[in-house]
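# Descriptive analysis of the structure
So the chains spell out like this:
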Amino acid sequence: MLKKLSLFLSLTCLASMGMATEKPNVLIIYADDIGYGDLSCYGASGVETPFIDRLANSGIRFSSGYASAATCTPSRYSLLTGEYAFRNKSAKILPGNAPLIIDPNKANIASYMKSAGYNTALVGKWHLGLGLADGSFDWNSNIKPAPRELGFDYSFYMAATGDRVPSVYIENSEVVDLDPNDPIKVSYAKPVGSEPTGISHPHLLTVQADKQHAGTIVNGISRIGTMTGGHAARFKDEDMSDTYLNKAIEFIESSKDQSFFMYFAAHDNHVPRRPHPRFQGSSSLGPRGDAIVQFDWTVGKLIKTLQKNGIYKNTLIILSSDNGPVLFDGYWEGSRVKNGTHKAAGPFRGGKYSLWEGGTRMPFIVSWPGKIEPGTSSALVSQVDIFASIAALIGQELPKDASPDGKNMLDAFMGKDHSGRDYLVEEALSQVALRMGDWKFIPPGTVTERGGLDEWIKTAVHPPGLLFNLADDPGETTDLSKQHPKKVKAMLAILKKEAPSKFLQNKTPGKAQLGFE
Ligand code: NG6
Ligand code: CA
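Since the model is a prediction, treat every value here as computed from it, not as a measurement.

### Regarding the overall build of the protein
- The number of helices and strands found in the protein is eleven helices and 21 strands.
- Relative to the compact-globule value of 24 Å for 517 residues, the protein shows a C-alpha radius of gyration of 22 Å, a close match.
- When its C-alpha atoms are laid out on the principal axes, the protein stretches across 75 × 60 × 45 Å.
- Considering only intrachain contacts with a sequence separation of at least 6, the fraction spanning at least 24 residues in the protein is 73%.
- Accessible surface computed for the protein: about 20000 Å², of which carbon and sulfur atoms make up 53%.

In structure tokens, the structure reads:
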């Protein structure tokens, strides 16, 4: 009796503190390089995404949901740690052989969920480094520290990106299908081994690539960096999406009796875009659109799996993307030519790599059938908030120092609060900008965008910076800094408080920022 009473009291106490005691499954579906306008529920043309549209219609579709940065590694870092990536100097686009950049001694979303009793998994693209920086790392033996050391009970992933060696999958701490007699070596500095590269054997290529992507040829595609060995382990790009999906389904089905947390990080639609043949031609946008259709279909399958197992209603799903869209990113796949009138970044300017809104404004959908009333929301939310918001939902206290920049946006995620944050910092290639209310401020510096081959479009931002009212001007065309000097001053002061000073310096991004090292 006493026990029951104290349980009742502690539950009411938690409830009165605004903390829930629920333990739904939590599934984060993270797309790669899918822009704000790339899904039909966000206005895409030339590509249909019926499964994601249905998810959006049954949950909340956000119009001001952000990735914390305009490239992959920093956005993923923020999502998993709740810390802005500019606080970690290693959080830039990483080569495939970089050491792990998340500190296993600090809490991250996976370690938190594990300690809250969840069965945790990573499936998909990692790109946050592996091993230590002391030279001890070896692809051929126990890979560690790795996702497992960060709290993922199960992990099936590739080290970096599809266009970076090593082109293999890793399951927990081992390369999958590795033949010990054919050990893997990887190098980004000097070439390793003597296998054909895009430079030495261009006739073997099934798609032409720029010189940055002219390293070792795997599956007819030259990659960034060189590798040797691991032939039996090498992946086939066309099967990647199905491979990840099948691992995710196995994981969901294996944790039927326990709440699960899965970070499902799809590779679509990062380059090289090689969707499975059954999706080739499924859009009018060429491989880029076909990869979006493949992603949508995958989301549909994940949902079907939850439904089949009777756990869909008890699963909170957050779907978003790591950075804005890019049409040409190193391979001549025809994505620019076939793009037609499709606006991959929706009404926004710029895309991947850029500080314009298109770099970080993302599709952002939160669904929890039965708990969330469907609708749309203009609340200002960021992926850096996911960790703290989920912690508020589960109710287990966050460890001290965890999620230093993330805010509890649970009410916004649940569709109850339509304001969200007061402001958030956007990062692109080691520069920052501020979104506050309807305003966006870009301090003096350079805004960089990807053009075509060897083409980077650079826009100089002169003092006092650029100020836009996004409500009237989502395309960031009309600078209002002269009309609102006080706002400029106030927003600059916030940026100076939030971000390290070197992110506010007027400098052009170098090789390190662009992931060329
Ligand atoms: C860049 C690559 C690009 C892509 C990107 C990482 C060049 C010219 N560009 O360095 O192709 O791999 O890194 O993309 O090499 S991300 O989505 O993982 O951030
Ligand atoms: Ca990306």
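### What about the environment of F295?
- Mapping F295 onto the fold places it in helix 6 (residues 287-308).
- Once the C-alpha coordinates of F295 and D268 are considered, the two residues, 27 residues apart in sequence, prove to be 6.0 Å apart.
- For F295, the contacting residues outside a window of four places in its chain are I29, A31, I34, I52, A266, D268 and L319.

### Concerning the coordination of the calcium ion (ligand 2)
- The coordination sphere of the calcium ion (ligand 2), as far as protein atoms go, consists of D32 (OD), D33 (OD), D322 (OD), D322 (OD) and N323 (OD1), spread over 2.2 to 2.7 Å.
- Around the calcium ion (ligand 2), the six donor atoms sit at angles spanning 51 to 171°, and that spread fits a shape best called irregular.
- For the calcium ion (ligand 2), all donor residues lie on one chain, and their spacing in sequence is D-D-x288-D-N. With D33 in the loop between strand 1 (25-31) and helix 2 (50-57) and D322 in the loop between strand 12 (315-321) and helix 7 (357-360), this residue pair connects regions lying 289 residues apart in the sequence.

### Some words on the environment of V192
- Within the element layout of this structure, V192 appears in the loop between strand 7 (185-187) and strand 8 (217-218).
- Among the residues examined, V192 registers a relative accessible area of 19% and is labelled buried.
- The spacing of V192 and M227 is 35 residues in sequence and 6.1 Å in space, taken between C-alpha atoms.
- Not counting chain neighbours up to four residues away, the residues in contact with V192 comprise K185, V186, S187, T226, M227 and T228.

### Describing the pairing of strand 13 (residues 361-367)
- Of all seven residues in strand 13, seven are buried; the element is thus mostly enclosed.
- Across five bridges, the pairing between strand 2 (residues 60-66) and strand 13 is antiparallel. Bridged to G65 within strand 13 is M362.
- Across four bridges, strand 12 lies against strand 13 in antiparallel orientation. Paired with I318 across the two strands is V366, which belongs to strand 13.

### Some words on the pairing of strand 18 (residues 439-442)
- Burial along strand 18 is two-sided: W439 and F441 and K440 and I442, pointing in opposite directions, are all buried.
- For strand 17 (residues 431-436) and strand 18, the ladder comprises three bridges, and the chain directions are antiparallel. Paired with R435 across the two strands is K440, which belongs to strand 18.
- Two strands pair when backbone bridges link them, and strand 18 and strand 21 (residues 466-469) are joined in this way by four bridges, in the antiparallel orientation. Residue pairing in the sheet places W439 in a bridge with N469 of strand 21.

### Quick look at the confidence of the model for the protein
- Residues of the protein with pLDDT of at least 70 account for 95%, and the chain-wide mean is 94.
- When the criterion is pLDDT under 50, residues 1-20 qualifies, and its contacts beyond four places in sequence or with other chains add up to ten contacts.

### Thoughts on the pattern of salt bridges
- Tallied over the full model, the rule gives 25 salt bridges.
- For the salt bridge of R87 with D405, the shortest nitrogen-to-oxygen distance reads 2.9 Å. Here D405 lies in the loop between helix 8 (386-394) and helix 9 (410-413) and R87 lies in the loop between helix 3 (72-81) and helix 4 (109-115), a separation of 318 residues in the sequence.
- The exposure class of D405 is buried, given its relative accessible area of 9%.
- Between D237 and R223 there is a salt bridge, with the nearest N and O atoms lying 2.9 Å from each other. Separated by 14 residues along the polypeptide, D237 in helix 5 (residues 237-254) and R223 in the loop between strand 9 (221-222) and strand 10 (226-228) bring together distant segments of the chain.
- Given a relative accessible area of 8%, D237 falls into the buried group.
- Overall, R223 belongs to the buried group, its relative accessible area being 0%.
- Taken together, the salt bridges that share partners define one network made up of D33, D210, D329, K352 and R450.

### A few points about the domain arrangement of the protein
- Here the domain parsing of the protein yields domain 1 (2-184 + 229-413) and domain 2 (423-504).
- Here the C-alpha centroids of domain 1 and domain 2 sit 27 Å apart.
- Each side of the interface is counted separately: domain 1 has 32 residues, and domain 2 has 34 residues.
- Taken over both partners, the interface formed by domain 1 and domain 2 buries close to 2800 Å², and the fraction arising from carbon and sulfur atoms is 60%.

### What about the site of ligand 1?
- Surrounding ligand 1, one finds 24 residues, the nearest of these being D163, R164, Q212, K352 and L514.
- Within the side chain of H127, an N or O atom sits 3.3 Å from an oxygen atom of ligand 1.
- At 2.7 Å, a side-chain N or O of R164 approaches an oxygen atom of ligand 1.
- Computed on the free molecule, ligand 1 has an accessible area of 450 Å², of which 99% lies beneath the protein chains in the complex.

### Re the packing of helix 2 against helix 6
- Between helix 2 and helix 6, the least distance of the axes is 7 Å, while the angle of their chain directions is 55°. As far as their axial angle goes, helix 6 and helix 2 are oblique. Contacts from P50, F51, I52 and L55 of helix 2 reach helix 6 at F295, D296, W297, V299, G300, I303 and K304.
- Residues belonging to the contact of helix 2 with helix 6 are distributed by class as follows: eight nonpolar, one polar and two charged.

The rules behind the values
- Residues numbered from 1 in each chain as written.
- Chains lettered and ligands numbered in written order.
- Predicted model: local features only at pLDDT ≥ 70, side-chain atom pairs only at ≥ 80, totals over all residues.
- Heavy atoms only, no water.
- Helix = DSSP H or I, 4+ residues; strand = E, 2+ residues; numbered from the N terminus.
- Rg over C-alpha atoms; globule rule 2.2 N^0.38 Å.
- Contact = heavy atoms within 4.5 Å.
- Areas by Shrake-Rupley, 256 points an atom, 1.4 Å probe, with all protein chains shown as cover.
- Donors = N, O, S within 2.8 Å, 3.2 Å for Na, K, Ca; no water.
- Tetrahedral: all angles 85-135°; square planar, octahedral: opposite > 155°, others 65-115°.
- Buried < 20%, exposed > 50% of the residue type's maximum accessible area, 1.4 Å probe, protein only.
- Pairing = 2+ DSSP bridges.
- pLDDT = per-residue confidence, 0-100.
- Salt bridge = Lys/Arg side-chain N within 4 Å of Asp/Glu carboxyl O.
- Domains from an automatic or database assignment.
- Buried area = accessible area lost by both parts, 1.4 Å probe.
- Near = heavy atom within 4 Å.
- Polar contact = N/O pair within 3.5 Å; in protein donor to acceptor, adjacent residues only side chain to side chain.
- Axes fitted to C-alpha atoms, helices over the stretch in contact; angles between N-to-C directions.
- Parallel < 35°, antiparallel > 145°, perpendicular 65-115°, else oblique.
- Nonpolar A, V, L, I, M, F, W, Y, C, P; charged D, E, K, R; others polar.

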